[in-house]
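Letter by letter, the chains look like this.
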Amino acid sequence: MVTIGVFDGVHRGHQELINHAVKAGRSRGVPTVLMTFDPHPMEVVFPGSHPAQLTTLARRAELVEEMGIDVFLVMPFTPDFMKLTPERYIHELLVERLHVVEVVVGENFTFGKKAQGNVNLLRKAGERFGFAVEGMTLVSEHHRDETVTFSSTYIRSCVDAGDVVAASEALGRPHRVEGVVVRGDGRGKVLGFPTANVAPPMYSAIPADGVYAAWFTVLGHGPIAGSVVPGERYQAAVSVGTNPTFSGRTRTVEAFVLDTSADLYGQHVAVDFVARIRGQEKFAKVEDLVTAMGADTERARAILATQ
């Protein structure tokens, strides 16, 4: 049993497809394989066009394992792979290597050189080689007076606009940004709000500039000096932007983790964005910024207390 796609986000549409594949695999008594690609195909087809990434490969593997996927197969998407004709793609990959008995994909799935392969071609090949094909309808939902089809593109647009609530609804969980805590300029500590400066991987989908209520989690299992326990989530007020009050130019993700003084430098962490509190502002006086940060913190507490 194989399901194929990029699966960036593992959003609610992906989840329905994956759940169907897992159920079908179990009914047939065969392992369920999820095949994805790295790097993103767009980066190879059109260099420089890599879309913002909603989830890391490791996070995708973790999420789909929880859903019952047996094998998480990452295919290197290379220029040579891109040139495979649909016929070679099916015969060499699906038939000879994976010995598929059923393939589950979205109804808009395309594959092979110049995306010439589609679900109908896959079905015809299935009749020839003896495997079934399920092309599943895309998941849609009525949202804010319009019908929204859940897709990675839609979720990226929500994140880019700072609408992390809509992104969460489509994902089925808060949008996450991972990264390593690096040293910043230390200004937050001086102001009374010490922050963890999170450096995310390249291409990460970062929400629009502003202040957010979020959950903060240290990933991994190593010891930490302070009160933070790896794997447990903590309330946080997170600033995304360039710190315009101090004429900053570098865009950063800075998390003020509530109720802890733990030393987080060097830790691999996750920030799960729950709600946007306000947009980025430039304050005339530092005192005004400190007052706003205090209000942001209390607002974050109130929002997260309801989650």
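As annotated in an unreviewed UniProt entry, the protein carries the name Riboflavin biosynthesis protein and comes from Mycolicibacterium moriokaense. Heading Sequence similarities (unreviewed entry) of the UniProt record for the protein holds this comment: "Belongs to the ribF family."

**Q** Could you give an account of the packing of aromatic side chains, naming the residues involved and the relevant values?
**A** Under the counting rule described, the total for this entry stands at 8 aromatic pairs. Between Tyr 89 and Phe 111, the aromatic rings sit 5.0 Å apart at their centres with planes inclined by 45 degrees, giving tilted as the arrangement. Placement of the pair is Tyr 89 in helix α5 (residues 86–97) and Phe 111 in the loop between β4 (102–106) and α6 (119–129), with a sequence separation of 22 residues. Note on accessibility: Tyr 89 and Phe 111 belong to one class, buried. Seen in terms of ring centroids, Phe 193 and Phe 256 are 5.2 Å apart; in terms of plane orientation they differ by 75 degrees. Their pairing is edge-to-face. Pair noted here: Phe 193 is in the loop between α9 (187–191) and β9 (196–199) and Phe 256 is in strand β12 (residues 252–257), with a separation of 63 residues, a long-range link. Phe 193 sits in the buried class, given a relative accessible area of 12%.

**Q** Would you mind going over the sheet that holds strand β3 (residues 71–76) in detail, with residue names and values included?
**A** In spatial order, the strands read β3-β2-β1-β4-β5; together these 5 strands make up an open sheet with parallel pairing. The open sheet has two free edges, formed respectively by β3 and β5 (132–136), since each of these has just one partner strand. Each strand of the sheet is rotated relative to its neighbour by a mean of 25 degrees, with strand direction disregarded. As defined by bridge partners, strand β2 (residues 33–38) adjoins β3 across 6 bridges and the pair is classed as parallel. Within β3, the residue paired with Thr 36 across the bridge is Val 74. The strands touched by α5 are β1 (2–4), β2, β3 and β4; relative to β2, the strand with the most contacts, the crossing angle is about 125 degrees. Each of β4 and β5 is contacted by α6, which is oriented at about 160 degrees to β5, the strand it contacts most.

**Q** So what's going on with the sheet that holds strand β8 (residues 175–182)? Residues and values would help.
**A** Spatial ordering of the closed barrel is given by β8-β9-β12-β11-β10-β13, a layout of 6 strands whose pairing is antiparallel. Between one strand and the next, the sheet's axes are offset by a mean angle of 45 degrees, whatever the strand orientation. Pairing of strand β10 (residues 210–218) with strand β11 (residues 233–241), which is carried by 8 bridges, proceeds in the antiparallel orientation. Looking at the pairing, Ala 213 lines up with Ala 237 of β11. Across the sheet, helix α10 (residues 286–305) touches β10, β11, β12 and β13 (268–279), and the angle it forms with β13 is around 105 degrees.

**Q** How would you sum up the environment of Gly 48? Please name residues and give values.
**A** Tracing the backbone through its elements, the reader meets Gly 48 in the loop between α2 (41–45) and α3 (57–66). By relative accessible area, which is 71% here, Gly 48 ends up exposed. For the pair Gly 48 and Phe 193, spaced 145 residues apart in sequence, the C-alpha to C-alpha distance is 37 Å.

**Q** An account of the pairing of β5 is needed here, citing residue identities and associated values.
**A** Looking at chain direction, β4 and β5 are connected through 5 bridges and run parallel. Bridging from a neighbouring strand, Val 105 pairs with Gly 135 of β5. Regarding the hand of the β-α-β motif, the stretch spanning β4, α6 and β5 is right-handed.

**Q** Could you give me a rundown of the environment of Leu 304, with the residues and numbers involved?
**A** The residue Leu 304 is located in helix α10 in this model. For the pair Leu 304 and Arg 251, spaced 53 residues apart in the sequence, the C-alpha separation amounts to 25 Å.

**Q** Outline the pattern of salt bridges, supporting the account with residue identities and numerical values.
**A** Scanning the entire structure with this criterion turns up 10 salt bridges. In this structure, the salt-bridge partner of Glu 92 is Arg 88, at a minimum N-O distance of 2.8 Å. With Glu 92 and Arg 88 both in helix α5 and 4 residues apart, this pair spans about one turn of that helix. What makes Arg 88 partly exposed here is its relative accessible area of 42%. Notably, a salt bridge pairs Glu 281 with Arg 278, separated by 3.7 Å at the nearest N-O pair. A relative accessible area of 16% places Arg 278 in the buried class.

Reading the values: rules and limits
- Residues numbered from 1 in each chain as written.
- Predicted model: local features only at pLDDT ≥ 70, side-chain atom pairs only at ≥ 80, totals over all residues.
- Heavy atoms only, no water.
- UniProt positions renumbered as here; feature names shortened; annotations may be inferred.
- Phe/Tyr/Trp six-rings, centres within 6.5 Å; stacked < 30°, edge-to-face > 60°.
- Helix = DSSP H or I, 4+ residues; strand = E, 2+ residues; numbered from the N terminus.
- Buried < 20%, exposed > 50% of the residue type's maximum accessible area, 1.4 Å probe, protein only.
- Pairing = 2+ DSSP bridges.
- Axes fitted to C-alpha atoms, helices over the stretch in contact; angles between N-to-C directions.
- Contact = heavy atoms within 4.5 Å.
- Right-handed = clockwise from strand over helix to strand, strands pointing away.
- Salt bridge = Lys/Arg side-chain N within 4 Å of Asp/Glu carboxyl O.

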